[in-house]
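# Chain and residue survey
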Amino acid sequence: MGCLVTSAINRAPHASFRLIVTGGGTGGHTYPALTAIRALRDRLTGQGRGLEVLWIGTAEGLEARVAPAEGIPFTTVATGKIRRSSNPLKMLGPANVRDMARVPLGVAQARSKIAEFTPDVVLATGGYVAVPAGLAARLCRRPLVLHEQTVRLGLANRKLAGSASRIAVSSPSTLELLPKEVRAAAVVTGNPVRPEILTGDADKAVTTLGLTGFDRRLPTLYVTGGAQGAQQINTVVGGALPWLLERANVIHQCGPDHVEHLASLTAQLPRGAAARYHLTGYVGSELPDVLALADVVVSRSGAGTLAELTALGKAAVFIPLATSAGDEQTHNARHLEEAGAAVALAGEVSADRLRLALGPLLTDPVRRADMARAARAHGRPDAAQRLVDVLLDAAGAAV
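First, a word on what this report is: a plain description of the structure on this page. Nothing here was measured: the structure is a model prediction, and the numbers come from that model.

## Concerning the overall build of the protein chain
Helices and strands together make up the secondary structure of the protein chain, namely 17 helices and 13 strands. Radius of gyration (C-alpha) of the protein chain: 22 Å, near the 21 Å computed for a compact globule of 399 residues. Counting only C-alpha atoms, the protein chain reaches 70 × 55 × 35 Å along its principal axes. Taken over 399 residues, the protein chain has a buried fraction of 53%. The contacts in the protein chain between residues at least 6 apart in sequence include a share of 69% that link residues at least 24 apart. With the model as given, the accessible surface of the protein chain reaches about 17,700 Å², and the carbon-plus-sulfur share is 53%. Side chains of the protein chain carry 42 positive and 33 negative charges; the gap between the two charge centres is 6 Å.

This is the structure:
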């Protein structure tokens, strides 16, 4: 099917704005898109306009659950996952060749969907599913806006950069890493953060979680390895636990599968120390309140985590996931460490290394405040609104 391009100028003055979103696979690509959609809807509602959205993703990705739950129409296209390797010959392995052969079919399918939906703009947030839809946007002469969550462009966005009307990046450091021919299209927006993250209440966390044994004269440390937990983080924190509890209250989100083992460690703790340790498998809707209470955070360094902690201005010790795509978590953590906004513990991490990193932050309020201030300087709590500006500008430029 060819591309039927309908210019926004031919629609009624208050017709709905039409947006196609493509990207996903993980929360890092999915949730920024969802936050941007919500912000755009609110902006348009204030102008007396509606928003129609179509999300193009994969059936296996997180977006396949998130979009329908939000009431967003969802559709899929053929695509292929590129398995990375430092060995070029392995990049040409049978699985990659087979998947790359699916991309032209995905482009054809996406082209048909774009022609039917006639979006004002297409937003691509990364993940391999974004490639066919992004290429189809160019074929259909629809404005394409890329959003990059990490310091370095991900593989999908690198492939699409030359086709983009705008490239929204999360860090000014990304600008110098872009190819010279696409820098003029780049704008720093930050990485959209869920608004509720910014409205937490520390006292509510104490009440909701029953933290009656916490000593509010001590700093509070929040440890998290993500929804499923992280064995590496759990191990080093467990090894340093008695030392930590002499200096801080600790909220430890360890993942549902790790609760039993870590709970056994509390039996060896003095009663007062054990009362300052709150162990949980999962932190849900109370997360904003937990973050409000936390003075220091130990976590992975995914793009979403960095966006939230810098927007809040939290001192942090990052333990990057070594297997993240392109080692992006290490790059993220070191970028903030170089600015004095975090500590990065890459490579082999022991309880001793964790103690050395946390000691100055837990015992020196001035040091902790300085790092929090540096983190906040890198935060962009208005990132969703900035991205909405870029989407509307790209659509308007195409009229």
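## Considerations on the pairing of strand E12 (residues 315-318)
In the case of a regular strand, side chains alternate between the two sheet surfaces. Burial along E12 is two-sided: Ala315 and Val317 and Ala316 and Phe318, pointing in opposite directions, are all buried. Two strands pair when backbone bridges link them, and strand E11 (residues 296-299) and E12 are joined in this way by four bridges, in the parallel orientation. Across the sheet, Val297 pairs through a bridge with Ala316, a residue of E12. Crossover connection from E11 via helix H13 (residues 303-312) to parallel E12: handedness right-handed. Bridge analysis of E12 against strand E13 (residues 343-344) gives two bridges, and the strand direction is parallel. Of the residues in E13, the one forming a bridge with Val317 is Val343. Where the polypeptide runs from E12 across helix H14 (residues 328-338) and back to E13, its parallel neighbour, the crossover connection is right-handed.

## Topic: the sheet that holds strand E4 (residues 121-124)
Read across the open sheet, the seven strands follow the order E3-E2-E1-E4-E5-E6-E7; overall the sheet is parallel. Edge positions in the open sheet fall to strand E3 (74-76) and strand E7 (186-188), since each of these has one partner strand only. Across the sheet, the axes of successive neighbouring strands diverge by a mean angle of 25°, strand direction being ignored. Contacts from helix H1 (residues 27-46) reach strand E1 (17-22), strand E2 (51-57), E4 and strand E5 (144-148) within the one sheet, and its direction differs from that of E2 by about 170°.

## Focus on the packing of aromatic side chains
According to the stated counting rule, one finds zero aromatic pairs in the structure shown. Above the face of the Phe117 ring, Arg18 is positioned so that its terminal group lies 4.2 Å from the ring centre.

## Focus on the environment of Thr199
Of note, Thr199 is situated in the loop between E7 and helix H8 (202-209). C-alpha of Thr199 to C-alpha of Pro288: the two residues are 89 residues apart in sequence and 6.6 Å apart in space. Only 3.0 Å separates the side chain of Thr199 from the backbone oxygen of Glu196, close enough to count as a polar contact.

## Section: the environment of Leu387
One can find Leu387 in helix H17 (residues 383-397). Of the residues examined, Leu387 reaches a relative accessible area of 1% and is grouped as buried. Remark: the alpha-carbon pair of Leu387 and Val188, spanning 199 residues in sequence, is separated by 8.9 Å. Apart from the residues within four sequence positions on either side, Leu387 is in contact with Ala36, Val145, His147, Ala168, Thr189 and Pro192.

## With respect to the sheet that holds strand E10 (residues 277-280)
In space, the six strands of this open sheet follow the order E10-E9-E8-E11-E12-E13, with parallel pairing throughout. Edge positions in the sheet fall to E10 and E13, since each has one partner strand and no second. Bridge count between strand E9 (residues 249-253) and E10: four bridges; the pairing is parallel. When the bridges of E10 are listed, Gln253 appears paired with Thr280.

## What to know about the nonpolar core
In summary, soluble globular proteins display a tendency toward joint burial of nonpolar side chains. Leu221, Leu244, Val298, Val317, Leu345, Leu354 and Leu358 are the most contacted members of the largest nonpolar core, which has 33 residues in total. Looking at this core, the elements with two or more residues in it are strand E8 (220-224), helix H9 (231-245), E11, E12 and helix H15 (351-363). Top element by residues in this core is H9. It accounts for eight residues. Those residues in contact with Val298 that sit more than four places away from it in its chain are Leu221, Tyr222, Val223, Thr224, Ile233, Val317, Ile319, Leu354 and Leu358. Of all hydrophobic cores here, the second largest spans 32 residues; its members include Ile56, Cys140, Ala185 and Val188.

## Topic: the pattern of salt bridges
Applying the stated criterion to the full structure yields 11 salt bridges. Between Glu52 and Arg18 there is a salt bridge, and its shortest N-O distance comes to 2.8 Å. Separated by 34 residues along the polypeptide, Glu52 in strand E2 and Arg18 in strand E1 bring together distant segments of the chain. Between Asp382 and Arg386 there is a salt bridge whose closest N-O contact spans 3.1 Å.

## So, unusual backbone geometry
The phi dihedral of Thr118 falls on the positive side, at around 45°, and the residue is not glycine. Structurally, Thr118 is set in the loop between helix H5 (103-117) and E4. A relative accessible area of 11% places Thr118 in the buried class. A positive phi angle, close to 60°, is found at Arg141, a residue other than glycine. If you trace the backbone, Arg141 turns up in the loop between helix H6 (130-139) and E5.

## Some words on H13
In terms of residue burial, H13 counts as a mostly covered element, since eight of its 10 residues are buried. Every buried residue of H13 is accounted for by Ala303, Leu306, Ala307, Glu308, Leu309, Thr310, Ala311 and Leu312. Buried residues along H13 sit in contact with helix H12 (287-293), E11, E12, H14 and helix H16 (365-377). Among the residues trailing H13, Gly313 stands out with phi positive, at a value near 70°.

Definitions and limits used
- In every chain, residue numbers begin from 1 and rise along the written sequence.
- Only residues with pLDDT of at least 70 are given local features in this predicted model, and only at 80 or more are side-chain atom pairs given and counted; all residues enter the totals for whole chains, interfaces and linings.
- Side-chain numbers here rest on the full set of heavy atoms in the structure, without hydrogens or water.
- A run of H or I in DSSP becomes a helix once it reaches four residues, and a run of E becomes a strand once it reaches two; helices and strands are each numbered from the N terminus.
- It is over C-alpha atoms that the radius of gyration is taken, and the globule rule equals 2.2 Å times the number of residues to the power 0.38.
- Each residue's exposure class comes from its accessible area (1.4 Å probe, protein chains only) as a fraction of the maximum for that residue type: buried when under 20%, exposed when over 50%, partly exposed otherwise.
- Contacts between residues were defined by any pair of non-hydrogen atoms, one from each residue, lying within 4.5 Å.
- Per-residue and other accessible areas follow the Shrake-Rupley method at a 1.4 Å probe size, with only the shown protein chains counted as cover for residues.
- As used throughout, the charge tally considers Lys and Arg to be positive and Asp and Glu to be negative, leaving His and the chain termini uncounted.
- Lys charges are placed at NZ, Arg charges at CZ, Asp charges at CG and Glu charges at CD.
- When DSSP finds at least two bridges between two strands, those strands are taken to pair.
- Look down the strands so they point away from you; if the path from the first strand over the helix to the second goes clockwise, the crossover is right-handed.
- For every element, the axis is a line fit to its C-alpha atoms; helices are fit only across the contacting stretch, and the angle between N-to-C directions ranges from 0 to 180 degrees.
- Centres within 6.5 Å are what make two rings of Phe, Tyr or Trp a pair, Trp counting through its six-membered ring; a difference in plane orientation under 30 degrees is then read as stacked, over 60 as edge-to-face, and the rest as tilted.
- Counting as a charge over the ring demands two things of the Lys NZ or Arg CZ atom: a distance within 6 Å of the ring centre and an angle within 35 degrees of the ring normal.
- Here a polar contact is taken to be a pair of N or O atoms separated by no more than 3.5 Å, where protein atoms must pair a possible hydrogen donor with a possible acceptor and residues adjacent in sequence count only if both atoms sit in side chains.
- We define a nonpolar core as any set of buried Ala, Val, Leu, Ile, Met, Phe, Trp, Tyr and Cys residues linked to one another through side-chain atoms lying within 4.5 Å.
- Each reported salt bridge corresponds to a side-chain nitrogen of Lys or Arg within 4 Å of a carboxyl oxygen of Asp or Glu.

In short, shape yes, function no, at least from these values alone.
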